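# Descriptive structure summary
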Protein chains: 4
Amino acid sequence: MKKIGIIGASGYAGAELCRLLLRHPDVEIAAVSSKSFVGESIEDLYPVFQQVFERTFETEAAVIEASDVIFAALPHGLSQELAYDVIRQGKIFIDLGADFRLEDETEYQAWYGLPFTHKDLHFHAVYGLPELFREQIRETTLVANPGCYTTCVQLALAPAVAAGLIDTSHIIADCKSGATGAGRTLSKITQFMELNEGMHAYKVANHRHTPEIEQTLRAFTKEDVHVTFVPHLLPVNRGILATCYAPLKKKMTAAAIRAMYAERYGDEYFVRVLGEQHTPNIGNVRYSNFCDISIYMDERTGTLITVSALDNMLKGAAGQAIQNMNILLGLPERTGLDMIPPAF
Amino acid sequence: MKKIGIIGASGYAGAELCRLLLRHPDVEIAAVSSKSFVGESIEDLYPVFQQVFERTFETEAAVIEASDVIFAALPHGLSQELAYDVIRQGKIFIDLGADFRLEDETEYQAWYGLPFTHKDLHFHAVYGLPELFREQIRETTLVANPGCYTTCVQLALAPAVAAGLIDTSHIIADCKSGATGAGRTLSKITQFMELNEGMHAYKVANHRHTPEIEQTLRAFTKEDVHVTFVPHLLPVNRGILATCYAPLKKKMTAAAIRAMYAERYGDEYFVRVLGEQHTPNIGNVRYSNFCDISIYMDERTGTLITVSALDNMLKGAAGQAIQNMNILLGLPERTGLDMIPPAF
Amino acid sequence: MKKIGIIGASGYAGAELCRLLLRHPDVEIAAVSSKSFVGESIEDLYPVFQQVFERTFETEAAVIEASDVIFAALPHGLSQELAYDVIRQGKIFIDLGADFRLEDETEYQAWYGLPFTHKDLHFHAVYGLPELFREQIRETTLVANPGCYTTCVQLALAPAVAAGLIDTSHIIADCKSGATGAGRTLSKITQFMELNEGMHAYKVANHRHTPEIEQTLRAFTKEDVHVTFVPHLLPVNRGILATCYAPLKKKMTAAAIRAMYAERYGDEYFVRVLGEQHTPNIGNVRYSNFCDISIYMDERTGTLITVSALDNMLKGAAGQAIQNMNILLGLPERTGLDMIPPAF
Amino acid sequence: MKKIGIIGASGYAGAELCRLLLRHPDVEIAAVSSKSFVGESIEDLYPVFQQVFERTFETEAAVIEASDVIFAALPHGLSQELAYDVIRQGKIFIDLGADFRLEDETEYQAWYGLPFTHKDLHFHAVYGLPELFREQIRETTLVANPGCYTTCVQLALAPAVAAGLIDTSHIIADCKSGATGAGRTLSKITQFMELNEGMHAYKVANHRHTPEIEQTLRAFTKEDVHVTFVPHLLPVNRGILATCYAPLKKKMTAAAIRAMYAERYGDEYFVRVLGEQHTPNIGNVRYSNFCDISIYMDERTGTLITVSALDNMLKGAAGQAIQNMNILLGLPERTGLDMIPPAF
């Protein structure tokens, strides 16, 4: 039984890691920490854990000390020093924050306003999207777990980019996210009376997931990649739906592209390329680690349209992090993650 | 007091017309009809009308007979004969259906599978989007009330198209609609347990509002107009949010375009061009006749982004129909329509 | 045009007063205040007011100075001094808070922990439930506007109590409220992700509306009145549903009691006693000033069951306050309040 | 590996059985049936099953033939003949319908309008509420799985009744259910636009779960048991919240009763008696087999108040049915059922 530590367990991604890892057969949670709630009990914050997981938040140092694998679910800027400590001790660090996602320090500076404090760590870090970078993940001990929006867009677009089908300089990603994506911190925007029966865009063409999407797609093409990314907030708890548009370079049917995607993801349990008669719905992936993808074509304008859906807390955060852990520990990738989404 | 008849009053648009017209100071509802519920009472279908509007559904003929102005809210294909009867009698016909929206019979055939049965009526009909075609509306007695999605997209894009700012051959309209847009007919898709906590795209690049959007935009440019239109269903009762993307022809700031829009719609009470710090939210227009519009720019890719929001039952259907009626009757356009949206 | 001032206009009840009074034909809003947002603009807090009501929050003194009628929507404890100022100047004070609702200082102390600071004002104040106390309201200038839960329970039970039908020592009021009842202040309980798809009881048998309900019912009987009141929070924006249970003193049919209620409320526009085949639904009263009531009987146990519904922001707060204002100003009671609830 | 058959797998309870049993380590689903969809695929009805459980609906006979344990999730009246067939073949029958819940044929006739067709089977059948009747369940092969409301009320009240604390002739059960309780059949009441932002009571003091609640409580007392039961429909997918009220026979503190409940359910994993500072919330039990219970007291009126919550599809239907199966098969009761509810 590997010992697991969760830093930032009072936030949504951290709490979801707890929920999932408690039922993972090959690991046990050794300790959890929280900056704001140290000394308090996780079941007081999240009553779902009553009589199931009653544990006191400890310090980060205590968590690292007690664990073989450390997950960190923290705001950006807080993971670099932690990673340094963890890696130095020969342990595994899986970062759900943004600090190790961008390879280029200039880009990180531009979007996050902070420098790389341990440049060597950034060389060591691997972007943890298993369906695209499994081999690299297998060989690291420092994983940068992707953002929720980015996973949904990258899985939908990478095969088309890799096959050279689309003009990557004019990609549009119109994304819709459930409210848990905004995190646990109180805010007017996520008050029930403000969000319920409402919907709006935010950070239009200005969201930090933009460079992350572009960086990954660039790994599959030599051409310029520009993505216009607009996120929207949905009145649902969970789920991301990404509708992406890109000009086709040459004529091709939806069926042919769908077949190519089905082939590409044929061995990937967590990616479901849907048949023509179905369409991704966040209601069909919630509480699961699936990412559903459909392929459409606007033949009138020669535009490839992908629609993809995932649960932002699972495949978009904690689920993917555990998938990465399974790879690093040599476990079957589905271990602890084969939940079937409830239909209702 | 003008006498008003509502054909198809058992549907959502028809019931909303009733609710609004009952509080309109210059008209009275003479009669209402329903194909499926003739002889039944509207307050049994819609208990909100108890002790307020208790009325039996009559036949279409009885409604036309009793009224000066006839609204029809019917599935496509059913309005042409009705319009013929009404216009022949010198009365006013406002059609909330699709039969008179497309000017080109070939296009109507292609998208709706039906012919024009009274070609002269189609010449007579005016597309009822007052902010764009007010003068033409003033001179007709047969109004084709626009679709909900189309109103939201057209108001957002027409000024940019008219000013020649964007490449109209590559417009993308990613739209999100509340469930009332699907109408009152029982369906699995709009069962609570299916839609709640869900979201999905439908009729991807294949929705009948596509030619309607293109037709209107073509009125403002000599260039080709192609719109890739993807609608999505939202788990809210009301509201449409349209996020539109178009390549800018030449560099321009968001502020400059915003100022141009503010100028264009400066005298239009129902169109609110929002300042830089606000963004349209369907929660800020519900139960009102407003359409809110914001202008954004992705400077990295030279893409104009508009976000617009309206209530699909008001500015997207019944409200706009009454706005058209007010114009036709020479009443102030806001009469009966100046509801302030509730904030919560 | 009477000049109206709203103190506490940044809260939900205050903002709703603004929305409604802006469309009231016989008054105009002279000034609004907010303790937390003085100097800021109401349309920044509530974007629904953009281009409709752009006004800066002033001080309370400025509001009183500018107005003939002053509404206060404040937490308890803050209205007594304000009322003193207003009444001293011969103006009208309508308090949406709790300070003047309870007649008995000991009871107020017990539930609110504060003394009566101006005892004479409390003699002067009238409990503003027009359907029960219209004549007294007409003769005062200081109205204590009832609580949301209490209005819903009192209208449902007062006729049965007055007719001596029920054992008033064992009344149970199981109430369910929408989230706006919790007010605008940020809280974890009303975060979307916490409330959505959830439901729970709170302040079980310990809510401050308990003595208020009992006080009103005592006005209609000489017997003891004890109400076990349990409120619950619903994942909807608006609405209160009250299900009340009381043992019948002697056998009587639901039909007979329903007829008695219909008679009692026959002239009351805002109270709709529903027929046997309908049942109150918060969805059928939202955004209106109606209170719908149904009568049921458990014949097996001799229990009278009433179900009643209202919009907590309208008949439960701002709507009722305006109804009181209309009475005080000698206006028709429905003025500015005859909104028909939307069916969807 | 025991072979499992699910009759009525196209309905919500049947589909939920599939979802849960697919991840149960000791059984495998042999076959599923549906009256309306025979020959069709379950993944077409429920796209969540795509690439996970693609199976064609067979006939009931085929299901029985292929299986050792047969679950039936059918409308009442359809299980008796099926049970006869299954039991005759020496197999296990777990009925999620109502046919075997009531022991008294007269009562069954009165509430369901049908006779007992195989009286001996009814003697054989055991009411499947493990926390109350575990020993009897262990010895049968025909389980009548309880209703959703009834489980929630019975677990909350049985200890108090058994201890003789309350006057059982005046129990009130005010219950609130999520929409899945209404089943999969299309209906206006569960259309999104009708239910969302609404709430109402139904079958007031006239719901078929009434005699079932009373029958179970009578097993724990010699006194008369009368329950006034009022169900309400909530705009959430899942969950039942039951607020029950009963007069205390003699004074007792909430703390003492809470301690008694904690003792009574101390060994029951699926029943969580909450501490004083917590309250049941349907959001804290969803997608789990837990039933959370809190104890309150209205000391002013001597009324015991229990609040309990469960997921109507799990502990209220499919989860409890599997719990019963585990008992019958001699498996640990938690097998396949130890899901931790997601906090959001």
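Residues numbered from 1 in each chain as written. Chains lettered and ligands numbered in written order. Predicted model: local features only at pLDDT ≥ 70, side-chain atom pairs only at ≥ 80, totals over all residues. Heavy atoms only, no water.

In this section: the relation of the copies chain D and chain B. Superposing chain D onto chain B requires a rotation of 180° together with a translation of 0.0 Å along the rotation axis, leaving an RMSD of 0.0 Å. Such values leave the two copies arranged in the relation of a two-fold axis. (Least-squares fit on C-alpha atoms with pLDDT ≥ 70 in both.)

What follows is about the sheet that holds strand 1 (residues 2-7) of chain C. Residues and elements named next belong to chain C. One open sheet accounts for six strands, arranged 2-1-3-4-6-5; its pairing is parallel. Whereas interior strands pair on both sides, the edge strands pair on one side only; in this sheet they are strand 2 (27-33) and strand 5 (126-127). In this structure, strand 1 lies alongside strand 2, joined through six bridges in parallel fashion. When the bridges of strand 2 are listed, I4 appears paired with I29. Where helix 12 (residues 314-328) meets the sheet, its contacts fall on strand 1, strand 2, strand 3 (69-72), strand 4 (92-95) and strand 6 (142-144), and the angle it forms with strand 4 comes to roughly 155°. (Pairing = 2+ DSSP bridges. Helix = DSSP H or I, 4+ residues; strand = E, 2+ residues; numbered from the N terminus. Contact = heavy atoms within 4.5 Å. Axes fitted to C-alpha atoms, helices over the stretch in contact; angles between N-to-C directions.)

Moving on to the interface of chain B and chain A. At the junction of the two partners, chain B supplies 45 residues and chain A supplies 45 residues. For the pairing of chain B and chain A, the buried interface totals around 3,600 Å² over both sides, and the portion due to carbon and sulfur atoms is 57%. Summed over the three residues of chain B that lose the most area to chain A, namely E197, M199 and R300 of chain B, the buried surface amounts to 19% of that side. If you look at where chain B meets chain A, you find four salt bridges. A salt bridge links R300 of chain B to E214 of chain A, with the nearest nitrogen and oxygen atoms 2.5 Å apart. The tally of links between chain B and chain A comes to 22 residue pairs in polar contact (both at pLDDT 80 or more). (Buried area = accessible area lost by both parts, 1.4 Å probe. Salt bridge = Lys/Arg side-chain N within 4 Å of Asp/Glu carboxyl O. Polar contact = N/O pair within 3.5 Å; in protein donor to acceptor, adjacent residues only side chain to side chain.)

Residues and elements named next belong to chain D. Under the 1.5 Å per step criterion, the end-to-end length of helix 8 (residues 148-162) is 21 Å for 15 residues, consistent within 8% with the ideal 21 Å. Residue Q154 marks the point of greatest curvature in helix 8, where the axis turns by about 35°. Of all 15 residues in helix 8, 14 are buried, a share of seventy percent or more. At the C-terminal side of helix 8, G164 shows a positive phi close to 70°. (Expected span 1.5 Å × (residues − 1). Bend = angle between axes of the 7 residues up to and from the residue. Buried < 20%, exposed > 50% of the residue type's maximum accessible area, 1.4 Å probe, protein only.)

Between chain D and chain B, the contact holds 20 residues from the first and 20 residues from the second. When chain D packs against chain B, close to 1,700 Å² is buried across both sides, 57% of that on carbon and sulfur atoms. Counting across the interface, chain D meets chain B through 11 residue pairs in polar contact (both at pLDDT 80 or more). Looking at the side of chain D that touches chain B, the element that brings in the most residues is helix 9 (residues 192-195) of chain D, giving four residues. Here the residues of the side of chain D that touches chain B are counted per class, giving nine nonpolar, eight polar and three charged. (Nonpolar A, V, L, I, M, F, W, Y, C, P; charged D, E, K, R; others polar.)

Once that is clear, we can look at the confidence of the model for chain A. In the predicted model, chain A carries a mean pLDDT of 97, and 100% of its residues have values of at least 70. Across the predicted assembly, pTM comes out at 0.97 and ipTM at 0.97. (pLDDT = per-residue confidence, 0-100.)

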